[in-house]
Amino acid sequence: MNNILLKSTAKNMVVKGKGILAADESSKTIQKRFDKIGLKSDPDTNLTYRKMLFTTPGIEKYLSGVILFDETIRQSIDAVLIPGYLSRKGILPGIKVDKGTVDLPNFPGEKITEGLDGLKERLKEYAKLGAKFAKWRAVITIGKNLPTDNCIEANAEVLAKYALLCQEQDIVPIVEPEVLMDGDNTLEICKDATNRTLHSLFAKLKDNNVNLEGLILKTNMVISGKKCPIQAGSQEIAKETVETFLKVVPREVAGIVFLSGGQTPDQATENLAQINRVAGSPWQLSYSYGRALQDEALSAWAGKNENVEKAQKVFLERVKKVSKARSQQPS
Ligand code: 13P
């Protein structure tokens, strides 16, 4: 384990002004995204779409990294393997290594993420393919009496084991416990669930001796559920989010990046700007958005070659806006 390398990679992932593009949709998820434009997903079509994103001129000014899916890390652009293509642009290639969620036995409505079996060998292969960082997503659901402590702890345990395996291979782990924003819960309930989740996560990371300077936290904002009749504004979201982190996230953590989780591109941009305006954060607070960076470009592309330039323009504009949001300073 090379702690100096891990620390420097992690720092580069959250370097000022830049953030991470999550383009690691599984085969099932990319089909869900393509459904919106009536397109059938297959490896060639997925590559055509992702190539449109990755070859956008100028994105390297705003993107420190891209998270890839297993299919994509083996594909090429102009006869260069994608990790090499991105590296040449100065963008760090990363890889999603979890195998998705299944029901948590005995805890109805809750999920556990799979993928630890054989992970060490897979990480070795990904390192050879050029991956500098990895991602593992755990899902925490809010509901009646949910999340349970059992679900939070079971996922935290697995995230810590994953993080350790990554660091052994000099791959920076992004640990992502996502408290979903799909319900009708208030912001306060999300805050409590997020606080419990992060508290348990950092306890397990400590128990497992994970090096926090070589780790990135990816998490949800503290936000109202999408179906909640009272929607908190961006200033409240920002204040409560930073307050939660200050209570539970150790200062040594190399950086924090947000998922967009179903927020619109504008909401995810504005909330990130407000979060960066809150004083007192010792961490870089950056982005690792999937939908909020891609949605507009996907619609503009609509699966047609003749739309590539237009879609790239739309993509670059959004990436620029999010980078600007991430660069806001406390007043
Ligand atoms: P969204 O920004 O679309 O939530 O995706 C981010 C991600 O990587 C989820 O694991």
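Residues numbered from 1 in each chain as written. Predicted model: local features only at pLDDT ≥ 70, side-chain atom pairs only at ≥ 80, totals over all residues. Heavy atoms only, no water.

Turning our eyes to something else, we now look at helix 12 (residues 308-326). Because each turn of an α-helix spans 3.6 residues, side chains separated by three or four positions in sequence point in the same direction. A rise of 1.5 Å per residue sets the reference length of helix 12, with its 19 residues, at 27 Å; its end C-alpha atoms lie 27 Å apart and thus fit the reference within 8%. Residues of helix 12 that are buried include every one of Ala311, Gln312, Phe315, Leu316, Arg318, Val319, Val322, Ser323, Ala325 and Arg326, and no others. Those residues of helix 12 hidden inside the fold are in contact with strand 1 (19-22), helix 3 (43-54), strand 2 (63-68), helix 10 (265-277), strand 12 (285-289) and helix 11 (291-301). (Helix = DSSP H or I, 4+ residues; strand = E, 2+ residues; numbered from the N terminus. Expected span 1.5 Å × (residues − 1). Buried < 20%, exposed > 50% of the residue type's maximum accessible area, 1.4 Å probe, protein only. Contact = heavy atoms within 4.5 Å.)

Among the secondary structure elements, Thr219 is positioned in strand 10 (residues 216-219). By relative accessible area, Thr219 is classed as buried at 0%. A polar atom in the side chain of Thr219 sits 3.2 Å from the side chain of Asn220. Excluding residues that lie within four positions of it along the chain, Thr219 makes contacts with Pro177, Leu198, Phe245, Ile256, Val257, Phe258 and Leu259. (Polar contact = N/O pair within 3.5 Å; in protein donor to acceptor, adjacent residues only side chain to side chain.)

Another aspect to go through is the site of the ligand. Taken together, 13 residues lie near the ligand, and Lys135, Lys218, Ser260, Gly261 and Arg291 sit nearest. Here an oxygen atom of the ligand sits 2.7 Å away from a polar atom, N or O, in the side chain of Arg291. Looking at the shell around the ligand, the elements that each hand over two or more residues are strand 8 (133-140) and strand 12. Of the residues assigned to the shell around the ligand, the class counts are three nonpolar, four polar and six charged. (Near = heavy atom within 4 Å. Nonpolar A, V, L, I, M, F, W, Y, C, P; charged D, E, K, R; others polar.)

What follows is about unusual backbone geometry. Note that the residue after Leu146, namely Pro147, is joined by a cis bond; omega there is 0°. The topology assignment puts Pro147 in the loop between strand 8 and helix 7 (149-168). Positive phi, close to 65°, is recorded for Ala79, a residue that is not glycine. Among the secondary structure elements, Ala79 is positioned in the loop between strand 3 (76-77) and strand 4 (80-81). Positive phi outside glycine occurs at Asp170, with the angle close to 60°. Considering the arrangement of structural elements, one finds Asp170 in the loop between helix 7 and strand 9 (172-179).

Evaluated as defined, the whole model comprises 22 salt bridges. A salt bridge links Lys161 to Glu157; the shortest N-O distance between them is 2.9 Å. Taken as a pair, Lys161 and Glu157 lie in helix 7 at a separation of four residues, close to a single helical turn. Since its relative accessible area comes to 28%, Glu157 is described here as partly exposed. The structure contains a network of salt bridges with shared partners spanning Lys191, Lys239, Glu240 and Glu243. (Salt bridge = Lys/Arg side-chain N within 4 Å of Asp/Glu carboxyl O.)

The topology assignment puts Gly280 in the loop between helix 10 and strand 12. For Gly280, a relative accessible area of 56% translates into the label exposed. Separated by 13 residues in the primary sequence, Gly280 and Leu293 place their C-alpha atoms 27 Å from one another.

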